[in-house]
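Residue-level listing of the chains:
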Amino acid sequence: NGRNVYRNIKNAIKFLLGGNMAGILVVLYTSIAALPVPFVPVHLLFINLLTDSLPAIAIGMEPASKDVLKDPPRDPKEGILTGDFLMRICVEGCIIGIFTLIAFYIGLQTSAAVASTMAFCTLSLARLFHGFNCRSKHSIGKVGLFSNIYSVLAFVVGVLLLSTVMYIPFLHGLFSVAPLSGANIGFIYLLAFCPTFIIQLYKSIREAVFNRKNR
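Residues numbered from 1 in each chain as written. Predicted model: local features only at pLDDT ≥ 70, side-chain atom pairs only at ≥ 80, totals over all residues. Heavy atoms only, no water.

Undergrad: Go over helix 1 (residues 2-32), please, and point to the residues and values.
TA: In this model, helix 1 (31 residues) spans 44 Å end to end at C-alpha, consistent with the 45 Å of a helix rising 1.5 Å per residue. Among the residues trailing helix 1, A34 stands out with phi positive, at a value near 60 degrees. (Helix = DSSP H or I, 4+ residues; strand = E, 2+ residues; numbered from the N terminus. Expected span 1.5 Å × (residues − 1).)

What follows is the structure, given as structure tokens:
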């Protein structure tokens, strides 16, 4: 139980810091490149209160895996933010940030408002997908998508809340979003899913190589 609680805390921290790093990188890049602001304060508030909180809580409720006792005991003097842990946060945050910037540039072809809306929606949805990556060091295929039903529910609720903001016109002014075309919405879903696809593909390949070595 102690190992599982500690692991879930680390995974929740990884989820929160990785997603926040993606947002910071996007803002930093657009500031240096003298581009329009990608997020307004209400966008960041929405991300922090809704698309951050629910998946993080769900990650904290991840059940113990069968191999939780196979790892050697950790050094009690070792901090949570180890070099390897920070590296994974940076890499995953950069991947999410890159695809958020791609969405921003696509929207910029229409207007700054559309670019900001696409960046906001892509980052929000990408972070919801990223919650599945942070559930375990293993791929979601090995862990099982429905082994933590709270994670699935958090994703569904987050998508519904984001969709409400995207599709209901009278909320556009409240959340500073612009109307989007069908093509733009398609790009948002595609670009938001790409980071999770890349991370899960890497995990699956790593597991396949590990299993082959142990045969």
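Undergrad: So what's going on with the nonpolar core? Which residues, and what values?
TA: Within the largest apolar cluster, 39 residues are counted, with the highest numbers of intra-cluster contacts made by F120, L125, L162, M166, L180 and I188. Among the elements of the structure, helix 1, helix 2 (41-51), helix 4 (83-108), helix 5 (112-133), helix 7 (149-167) and helix 8 (182-213) are those that each provide at least two residues to this core. With twelve residues, the single largest contributor to this core is helix 5. Contacts of L125, omitting those with residues within four sequence positions, involve V159, L162, I188, Y189 and A192. Among the nonpolar cores identified, the runner-up in size contains five residues, and A12, A56, I59 and C134 belong to it. (Core = buried A, V, L, I, M, F, W, Y, C linked by side-chain atoms within 4.5 Å. Buried < 20%, exposed > 50% of the residue type's maximum accessible area, 1.4 Å probe, protein only. Contact = heavy atoms within 4.5 Å.)

Undergrad: Explain the packing of helix 1 against helix 5 to me, and be specific about the residues and the numbers.
TA: Their axes nearest at 10 Å, the elements helix 1 and helix 5 cross at an angle of 155 degrees. As far as their axial angle goes, helix 5 and helix 1 are roughly antiparallel. Of the two elements, helix 1 crosses helix 5, and the hand of that crossing is right-handed. Residue-level contacts link F15, L16, G19, N20, A22 and G23 of helix 1 to L123, R127, H130 and G131 of helix 5. Classifying every residue of the contact of helix 1 with helix 5 gives four nonpolar, five polar and one charged. (Axes fitted to C-alpha atoms, helices over the stretch in contact; angles between N-to-C directions. Parallel < 35°, antiparallel > 145°, perpendicular 65-115°, else oblique. Left-handed = near helix turned anticlockwise from the far one by under 90°. Nonpolar A, V, L, I, M, F, W, Y, C, P; charged D, E, K, R; others polar.)

Undergrad: Describe the environment of A113, and please don't skip the residues or the numbers.
TA: The residue A113 is located in helix 5 in this model. Along the sequence, A113 and P36 sit 77 residues apart, while their C-alpha atoms lie 8.9 Å from each other.

Undergrad: Now, about the packing of helix 4 against helix 5: what can you tell me, with residues and values included?
TA: It is the contact of helix 4 with helix 5, at a shortest axis distance of 7 Å, that shows an interaxial angle of 150 degrees. In terms of orientation, helix 4 and helix 5 fall into the roughly antiparallel class. Between helix 4 and helix 5 lies a crossing of right-handed hand. For the pair helix 4 and helix 5, contact is made by E92, I96, F99, T100, A103, F104, I106, G107 and L108 and by A112, V114, A115, S116, M118, A119, T122, L123, A126 and H130, respectively. Taken together, the residues that form the contact of helix 4 with helix 5 break down as 13 nonpolar, five polar and one charged.

Undergrad: Describe the pattern of salt bridges, listing the residues and the values that go with them.
TA: A pair can form between side chains of opposite charge whenever their charged atoms are brought close. With the rule as written, the count across this model stands at four salt bridges. As a salt-bridge pair, K14 and E92 come within 3.6 Å of each other at their nearest N and O atoms. Remark: E92 occurs in helix 4 and K14 occurs in helix 1; sequence separation between them is 78 residues. For the salt bridge of R135 with E62, the shortest nitrogen-to-oxygen distance reads 2.9 Å. Remark: E62 occurs in the loop between helix 3 (53-59) and helix 4 and R135 occurs in the loop between helix 5 and helix 6 (140-143); sequence separation between them is 73 residues. Judged by its relative accessible area of 4%, E62 falls in the buried class. (Salt bridge = Lys/Arg side-chain N within 4 Å of Asp/Glu carboxyl O.)

Undergrad: Could you give me a rundown of the side chain of S163, with the residues and numbers involved?
TA: Here S163 is to be found in helix 7. Here the side chain of S163 touches V159 through a polar contact of 2.8 Å, landing on its backbone oxygen. In contact with S163, other than residues within four places in its own chain, are I168 and Y189. (Polar contact = N/O pair within 3.5 Å; in protein donor to acceptor, adjacent residues only side chain to side chain.)

Undergrad: Go over the side chain of H43, please, and point to the residues and values.
TA: Along the chain, H43 falls in helix 2. What makes H43 buried here is its relative accessible area of 0%. Excluding residues that lie within four positions of it along the chain, H43 makes contacts with P38, S116, F120, F175, S176 and V177.

Undergrad: Could you give an account of unusual backbone geometry, with specific residues and numbers?
TA: Positive phi outside glycine occurs at A34, with the angle close to 60 degrees. Judged by relative accessible area, which is 69%, A34 ranks as exposed.

Undergrad: Please provide a residue-by-residue account of helix 8, values included.
TA: A rise of 1.5 Å per residue sets the reference length of helix 8, with its 32 residues, at 46 Å; its end C-alpha atoms lie 46 Å apart and thus fit the reference within 8%. Its maximal kink placed at C194, helix 8 deviates by approximately 30 degrees, while the proline P195 follows within four residues. Residues of helix 8 that are buried include every one of N184, I185, I188, L191, A192, P195, T196, I199, Q200, K203 and E207, and no others. Buried residues in helix 8 make contact with helix 4, helix 5, helix 6 and helix 7. (Bend = angle between axes of the 7 residues up to and from the residue.)

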